[in-house]
Amino acid sequence: MSTYRPLHDGWTLTAVSEDVQITGVPAAVPGCVHTDLLTAGLIEDPYLDDNENRLTWIGRTDWVYETAFTWAGDGHEHTDLVCEGLDTVAKVVLNGVEVGDTANQHRSYRFAVRHLLREGENTLAVHFAAPYGYAEERRAELGARPAAYAEPYPFIRKMACNFGWDWGPTLVTAGIWQPIGLESWSGARLASVRPLVHGDGRVEVHVTVGGSAPAPLTVTAEVAGVAARALLEPGDREAVVEVRVPEPELWWPRGYGEQHRYDLTVRMGEESWARRIGFRDVRLDQRDGGFTIVVNGVPVHVRGVNWIPDDCFPSRVTRERLAERFTQAAEANVNLLRVWGGGRYESDDFYDLADELGLLVWQDFLFACAAYPEEEPFATEVAAEAREHVTRLSWRPSLVLWCGNNENIEGHADWGWQAELEGRTWGAGFYYELLPSIVAELDPTRPYWPGSPYSGAPDLPPNDPARGTVHIWDVWNREDYTHYAAYRPRFVAEFGFQGPPAHATLRRAVGGELSAGSPLLRQHQKAADGDAKLLRGLGEHLPRPRDFDDWHYFTQLNQARAVTFGIERFRALAPYCAGTVVWQLNDCWPVVSWAAVDGDGRRKPLWYALRRVYADRLLTIQDGAVTVVNDSSGGWAGELELVRTDLAGTPLAKEAVRVDVAPRSTAVVRLPAAVAAPGDPVAELIVARLDGERALRFFAEDTRVAFPAAAYDTEVTPSGDGLTVTVTARTVVRELALFPDRLDPAAVVDDMLVTLLPGESATFRVVTEHELDPAALVSRPVLRCVNEARP
């Protein structure tokens, strides 16, 4: 039986620099330099105001973490120092003797140290070289490579977004970011366990053994009451144990069935390894240029979101925090998370939650928006990290796709990289040879895709909407969001539109007066020309902002509308278009960005829009027709009511059409001429209703519609853990939104962006622990609508 002793106590942090006088600061392990300096009061919070700008020196400084611990002989033959994650370029010294060095944040290290341990006190130091210095040295040695940003992130195996992104700060970290400890063992140990799980009930357990034993060893694997064993003769290092479970209950994605899981236990002597596995099969259907994820033989229409690291400092991301994000994703009817290639391989908690909730995971290997050198030391490091994480995640039922990179194939083909590279390596050997060979060897149970966007073959244009996966970024950067209608994609792996975070989030992060374009607010807008794009994106859709409150509401609303427009167009193309992955679910700090949930965990209006547009059943009016989208397991039949009405709610034309839409399918119903043709485009709209679902389509943009000034009655009543706000419309009320965080930063509301026709009511539940002023709750800027009276 091995024993493990964490070494997380008594650490101090010291700068190794003549220019930085920081010595012996108490340090948290796991953690990083930034969080230790923040705790010690030596730096200001980098997420507030423009403090980030004054912290660049941290990533250009060498640091040393030091601790002392007592040790006594434990009767074992071996003791290893296990470093689950060091960030990044480190030298590990035990009792004055260097035991090893590291240069990869994305992998673990194990050093044999028993011969260096001594009875009584021992000292352990981890010396971290400045990340900037290391990366810039490698760049000088190997030659510069083109990248999306003028930072050296391709030259160090580290979270690329540490160096800043168009939604993230530049906070280049160092530290012991994962657990570190001593493992003692004798004879042989379970070095790795790699189960390959199949939907037919087979589990192939690949076991690798460290050390040796003088006699044969028996490895057993048991799941669902079925056990099998294999014999390891002395000197053998690997064994395969195959277990066959008859007719197991399958693990299904969210919305397609239950997430049945079984306990798998592997034993070798007194050593054991236990996980919860799920039986399922996954493949990628690429017929006719398509990209359809098929689980247990059933095509899955992906309703996805992109995932970035939830904090710049990973040690602060707890299981509870991840559970909150996953709940937010699930409640928005999301069924897939794409772990983006500029971040990290996520924690076990992340994949545990995905397995539990049935959220599919698309896992990028960690390459993003740059040409990456394939020479040493990177070839060896990339192979090591890939082998470690493919082995680590091979048994996860939620993981359905390995992807080689984010946008690097597109960059090489379309962004002018080839001339700049002058024949230097850029990562092709990783994406087309190394990574697929590792996946084929270690995890043949799930597909590999070389990159995204990608059209299925190296000689094809990578961002072709007619093949494979596409990223759509002309919308937001140049085009109005209605340009999504020009696309007929097979699968959209990235698209999105910016909007600001919640008011309470901005208020916490930005000191002084809030105003659009102010210097401190601009510090929390990282996109090139982002502020101008926000205003330009309003186009004719929404009024021009008169003040900050208008800017905040209209740009948040426009974000929600833009993404809704895109998803409705693409879902209407199902099954030809097999899914969408919105950029992005979450943020890592308080920032104006594409996220649906902001950096403080607050839901933006986009989140409420996602919940509506990603629902199992959707009505969408476009191109003279109603598309009935039924992505549920049951049929959807009934009378589709189609009404052309004026703004006062008076029906001008009305038709009913019987529809019967099969499960997982769509139906297109042409609008009758009497409904489709307006008498007065600025004063009429179409309403479609089916079985409690409703869709509205105005004939003109909001800025041209002859809206009356909104008139409505409100009622605020106490209700359980908060308040109920009921709004009853006397006129049409366009995109009603309630922002209770302006009164209580912790307050949340259950719905948003509701359009009411005259006589209709909407009820909002506000959860709060405080007594809120009822009058303020139903007044500007807390209660907003597009056609509110403007003084």
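So, a few notes on the structure that sits alongside this text. Keep in mind that what you see is a predicted model, and the values were worked out from it rather than measured.

### Description of the overall build of the protein
In terms of helices and strands, the protein carries 16 helices and 44 strands. In summary, the protein has a C-alpha radius of gyration of 28 Å against a globular reference of 28 Å for 791 residues, a match within 12%. With the principal axes as the frame, the protein shows a C-alpha extent of 90 × 65 × 60 Å. Treating the 76 positive side-chain charges of the protein as one cloud and the 112 negative ones as another, the clouds have centres 4 Å apart.

### Observations regarding the sheet that holds strand E5 (residues 78-83)
Read from one edge to the other, the open sheet built from 4 strands follows the order E1-E12-E5-E8, with strand pairing classed as antiparallel. The two strands at the open ends of the sheet, each matched to only one other strand, are strand E1 (3-6) and strand E8 (109-112). Taken pair by pair, the neighbouring strands of this sheet meet at an average axis angle of 25 degrees, ignoring direction. In this structure, E5 lies alongside strand E12 (residues 180-185), joined through 6 bridges in antiparallel fashion. Paired with Asp80 across the two strands is Glu183, which belongs to E12.

### A few points about the environment of Arg275
As for its position among the elements, Arg275 is in strand E19 (residues 271-277). If we ignore the near neighbours within four places in the chain, the residues touching Arg275 are Tyr262, Asp263, Leu264 and Trp395.

### Some remarks on the packing of helix H5 (residues 378-393) against helix H8 (residues 428-442)
One can describe the packing of H5 onto H8 by two numbers: an axis separation of 10 Å at closest approach and a directional angle of 35 degrees. Relative to H8, the crossing made by H5 is right-handed. Contacts between H5 and H8 involve Phe378, Ala379, Val382, Ala383, Ala386, Arg387, Val390 and Thr391 on the former and, on the latter, Phe430, Leu434, Leu435, Ile438, Val439, Glu441 and Leu442.

### So, the sheet that holds strand E16 (residues 226-232)
Taken in spatial order, the 4 strands of this open sheet run E16-E15-E18-E19, and their pairing is antiparallel. Edge positions in the open sheet fall to E16 and E19, since each of these has one partner strand only. For this sheet the average axis-to-axis angle between neighbouring strands, irrespective of direction, equals 15 degrees.

### Overview of the packing of aromatic side chains
Applying the stated criterion across every chain, the model contains 45 aromatic pairs. Between Tyr481 and Phe497 the ring centres are 6.4 Å apart and the planes differ by 90 degrees, which places this aromatic pair in the edge-to-face class. Here Tyr481 is found in the loop between helix H9 (474-477) and strand E29 (492-494), whereas its partner Phe497 is found in the loop between E29 and helix H10 (503-509), with 16 residues between them in sequence. Among the residues examined, Tyr481 registers a relative accessible area of 6% and is labelled buried. Since its relative accessible area comes to 3%, Phe497 is described here as buried.

### Remarks on unusual backbone geometry
With an omega of 0 degrees, the peptide bond running from Asp87 to Thr88 counts as cis. For Thr88, the location among the structural elements is in the loop between E5 and strand E6 (89-94). Following Ser452, the chain continues to Pro453 via a peptide bond in cis, the omega torsion being 5 degrees. You can see Pro453 is positioned in the loop between strand E27 (448-449) and strand E28 (470-471).

### Concerning the packing of helix H12 (residues 530-538) against helix H13 (residues 548-571)
With their axes 10 Å apart at the nearest point, H12 and H13 run at an angle of 75 degrees to one another. Classed by the angle they form, the pair H12 and H13 counts as roughly perpendicular. Along its contact with H12, which presents Leu534, Leu535, Gly537 and Leu538, the element H13 presents Trp551, Phe554, Thr555 and Asn558. Classifying every residue of the contact of H12 with H13 gives 5 nonpolar, 3 polar and no charged.

### Considering the state of the cysteines
The full count for this structure, using the stated rule, is 0 disulfides. Counting only cysteine sulfurs, Cys369 is the nearest neighbor of Cys403, a cysteine outside any disulfide, at a range of 12 Å. Take Cys577: it sits in no disulfide, and the sulfur closest to it among the cysteines is that of Cys403, at 17 Å.

### A closer look at the pattern of salt bridges
If you walk through the whole model with that rule in mind, you get 65 salt bridges. We note a salt bridge from Asp600 to Arg508, for which the minimum N-O separation is 2.8 Å. Of this pair, Asp600 sits in the loop between strand E30 (579-582) and helix H14 (605-613) while Arg508 is found in helix H10, placing the two residues 92 residues apart along the sequence. Residue Asp600 is classed as partly exposed on the basis of its relative accessible area of 28%. Residue class for Arg508 comes out partly exposed when judged on its relative accessible area of 38%. Between Arg612 and Asp751 there is a salt bridge, with the nearest N and O atoms lying 3.1 Å from each other. In this pair, Arg612 sits in helix H14 while Asp751 sits in the loop between strand E41 (748-749) and strand E42 (754-756), placing the two residues 139 residues apart along the sequence. Residue Arg612 is classed as partly exposed on the basis of its relative accessible area of 39%. In this structure, a network of salt bridges that share partners links the residues Asp310, Asp311, Arg316, Arg321, Glu324 and Arg325.

### Looking at the side chain of Arg325
Mapped onto the elements, Arg325 comes out in helix H3 (residues 319-331). Discounting residues that sit within four places of it in the chain, Arg325 has contacts with Trp307, Asp310, Leu585, Asn586, Val597 and Gly601.

### Quick look at the pairing of strand E34 (residues 651-661)
Sheet analysis places strand E33 (residues 636-646) next to E34, joined by 10 bridges and oriented antiparallel. In the strand pairing of E34, Trp636 is matched with Val661. Between E33 and E34, which pair antiparallel in sequence order, lie 4 residues; one of them, Gly649, sits at a positive phi of approximately 90 degrees.

### A closer look at H12
Listed in full, the buried residues belonging to H12 are Gly530, Lys533, Leu534, Gly537 and Leu538. With its buried residues spanning 145 degrees around the axis, H12 presents them on a single face. Buried residues belonging to H12 abut H9 and H13. After H12 finishes, the residue Gly539 shows a positive phi value of roughly 45 degrees.

### Some details on the side chain of Ser632
With respect to the helices, strands and loops of the structure, Ser632 is situated in the loop between strand E32 (625-630) and E33. The residues touching Ser632, leaving out its near neighbours within four places in the chain, are Asp616, Arg617, Pro663 and Arg664.

### Some thoughts on the nonpolar core
Counting residues in each nonpolar core, the largest one holds 205 residues, and the members touching the most others are Phe365 and Leu610. If one sorts the elements of this core by residue count, H13 sits on top with 11 residues. In this view, Leu610 contacts Val305, Ala332, Val563, Ile567, Val582, Ala596 and Ala615; residues no more than four positions away in its chain are not counted. Leu190, Val205, Ile277 and Trp395 belong to the second-largest nonpolar core, a separate cluster that totals 27 residues.

### Focus on the environment of Thr763
Tracing the sequence through the fold places Thr763 in strand E43 (residues 761-767). The exposure class of Thr763 is partly exposed, given its relative accessible area of 45%. In this structure, the C-alpha to C-alpha distance between Thr763 and Ala695, residues 68 residues apart in sequence, is 19 Å. If we ignore the near neighbours within four places in the chain, the residues touching Thr763 are Thr724, Val725, Thr726 and Asp750. Side-chain polar atoms of Thr763 contact the side chain of Thr726, separated by 3.5 Å.

### Examining the pairing of strand E39 (residues 722-729)
In terms of residue burial, E39 counts as a mostly covered element, since 7 of its 8 residues are buried. In this structure, strand E38 (residues 712-719) lies alongside E39, joined through 8 bridges in antiparallel fashion. Among the inter-strand pairings, Ser719 is bridged to a residue of E39, identified as Gly722. Examined bridge by bridge, E39 and E43 share 7 bridges and lie antiparallel to one another. Each residue of the ladder has a partner; that of Thr724, found in E43, is Arg765.

The rules we used
Residues numbered from 1 in each chain as written. Predicted model: local features only at pLDDT ≥ 70, side-chain atom pairs only at ≥ 80, totals over all residues. Heavy atoms only, no water. Helix = DSSP H or I, 4+ residues; strand = E, 2+ residues; numbered from the N terminus. Rg over C-alpha atoms; globule rule 2.2 N^0.38 Å. Lys, Arg positive; Asp, Glu negative; His and termini not counted. Charge placed at Lys NZ, Arg CZ, Asp CG, Glu CD. Pairing = 2+ DSSP bridges. Axes fitted to C-alpha atoms, helices over the stretch in contact; angles between N-to-C directions. Contact = heavy atoms within 4.5 Å. Left-handed = near helix turned anticlockwise from the far one by under 90°. Phe/Tyr/Trp six-rings, centres within 6.5 Å; stacked < 30°, edge-to-face > 60°. Buried < 20%, exposed > 50% of the residue type's maximum accessible area, 1.4 Å probe, protein only. Parallel < 35°, antiparallel > 145°, perpendicular 65-115°, else oblique. Nonpolar A, V, L, I, M, F, W, Y, C, P; charged D, E, K, R; others polar. Disulfide = S-S within 2.5 Å. Salt bridge = Lys/Arg side-chain N within 4 Å of Asp/Glu carboxyl O. Arc of directions from axis to C-beta. Core = buried A, V, L, I, M, F, W, Y, C linked by side-chain atoms within 4.5 Å. Polar contact = N/O pair within 3.5 Å; in protein donor to acceptor, adjacent residues only side chain to side chain.

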